[in-house]
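Observations on the three-dimensional arrangement
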Amino acid sequence: MAAASELFYENGIASIGIDAVRDRAGVGLKGIYREFGSKAGLVSAYLDRRDEQWMMRLEARLGEVGDDPRQRLLGLFDAP
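Residues numbered from 1 in each chain as written. Predicted model: local features only at pLDDT ≥ 70, side-chain atom pairs only at ≥ 80, totals over all residues. Heavy atoms only, no water.

An unreviewed UniProt entry lists the chain under the name Helix-turn-helix transcriptional regulator, from Candidatus Aeolococcus gillhamiae.

Right under this line is the structure:
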């Protein structure tokens, strides 16, 4: 997943083939397909992970600004 994440982030999902992920990860295609089923499955897992990471950062930031609605809205723009 780390290799796919780096490649997808650096180059875009559409431009990265499963062979590039295999080469970067140093694992066999069987392992990738066993874990994810297809490139679509790998992409789905990647996007799920990115979503989880974003939501954790966003929730942490909103927790820092408190309950004031105005500050919470402004805090969205300051989130890392």
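There's plenty left to go through after this.
**Focus on the overall build of the chain**
A tally of helices and strands in the chain yields 5 helices and 0 strands. In the chain, the order of α-helices and β-strands from amino to carboxyl end is α-α-α-α-α. Taken over C-alpha atoms, the radius of gyration comes to 17 Å for the chain, far larger than the 12 Å a tight globule of 80 residues would show. If one aligns the C-alpha atoms of the chain with their principal axes, the spans along those axes are about 50 × 20 × 20 Å. Contacts in the chain between residues far apart in sequence, at least 24 positions, make up 38% of those at least 6 positions apart. When the accessible surface of the chain is summed, it comes to about 5600 Å², and 54% of that surface belongs to carbon and sulfur atoms. Placing the 11 positive and 13 negative side-chain charges of the chain at their respective mean positions leaves the two points 5 Å apart. (Helix = DSSP H or I, 4+ residues; strand = E, 2+ residues; numbered from the N terminus. Rg over C-alpha atoms; globule rule 2.2 N^0.38 Å. Contact = heavy atoms within 4.5 Å. Areas by Shrake-Rupley, 256 points an atom, 1.4 Å probe, with all protein chains shown as cover. Lys, Arg positive; Asp, Glu negative; His and termini not counted. Charge placed at Lys NZ, Arg CZ, Asp CG, Glu CD.)

**Digging into a nonpolar patch on the surface**
Nonpolar side chains collect at one region of the surface, where Leu73, Leu76 and Phe77 lie side by side and expose about 340 Å² of accessible area between them. With respect to the secondary-structure elements, Phe77 resides in helix 5 (residues 69-78). A relative accessible area of 69% places Phe77 in the exposed class. (Patch = residues over 30% accessible without salt bridge, like charges linked within 9 Å, V, L, I, M, F, W, Y side chains within 5 Å. Salt bridge = Lys/Arg side-chain N within 4 Å of Asp/Glu carboxyl O. Buried < 20%, exposed > 50% of the residue type's maximum accessible area, 1.4 Å probe, protein only.)

**Brief notes about the nonpolar core**
Counting residues in hydrophobic clusters, the biggest one holds 10 residues: Ala4, Leu7, Phe8, Ile16, Ile18, Val21, Ile32, Leu42, Val43 and Tyr46. Apart from residues lying up to four places away in sequence, Ala4 is in contact with Val21 and Leu42. (Core = buried A, V, L, I, M, F, W, Y, C linked by side-chain atoms within 4.5 Å.)

**So, the UniProt feature "domain: HTH tetR-type" (unreviewed entry) in the chain**
The positions UniProt marks with the feature "domain: HTH tetR-type" (unreviewed entry) are residues 1-54. Structurally, residues 1-54 is divided into 78% helix and 0% strand, and its ends, taken at the C-alpha atoms, are 17 Å apart. (UniProt positions renumbered as here; feature names shortened; annotations may be inferred.)

**Structural notes on the packing of helix 1 (residues 2-11) against helix 4 (residues 39-65)**
A pair of packed helices is captured by two measures, namely the crossing angle of their axes and the spacing between those axes. Taken N-terminus to C-terminus, the directions of helix 1 and helix 4 make an angle of 85°; their axes are 10 Å apart at the nearest point. The orientation of helix 1 with respect to helix 4, classified from their angle, is roughly perpendicular. From helix 1, Ala2, Ala4, Ser5, Phe8 and Tyr9 reach across to helix 4, where they touch Lys39, Leu42, Val43, Tyr46, Arg49 and Arg50. Grouping the constituent residues of the contact of helix 1 with helix 4 by class yields 7 nonpolar, 1 polar and 3 charged. (Axes fitted to C-alpha atoms, helices over the stretch in contact; angles between N-to-C directions. Parallel < 35°, antiparallel > 145°, perpendicular 65-115°, else oblique. Nonpolar A, V, L, I, M, F, W, Y, C, P; charged D, E, K, R; others polar.)

**Comments concerning the UniProt feature "DNA-binding region" (unreviewed entry) in the chain**
According to UniProt, the feature "DNA-binding region" (unreviewed entry) maps to residues 17-36 in the numbering used here. Between the first and last C-alpha atoms of residues 17-36 the distance is 14 Å; the span itself is 80% helix and 0% strand.

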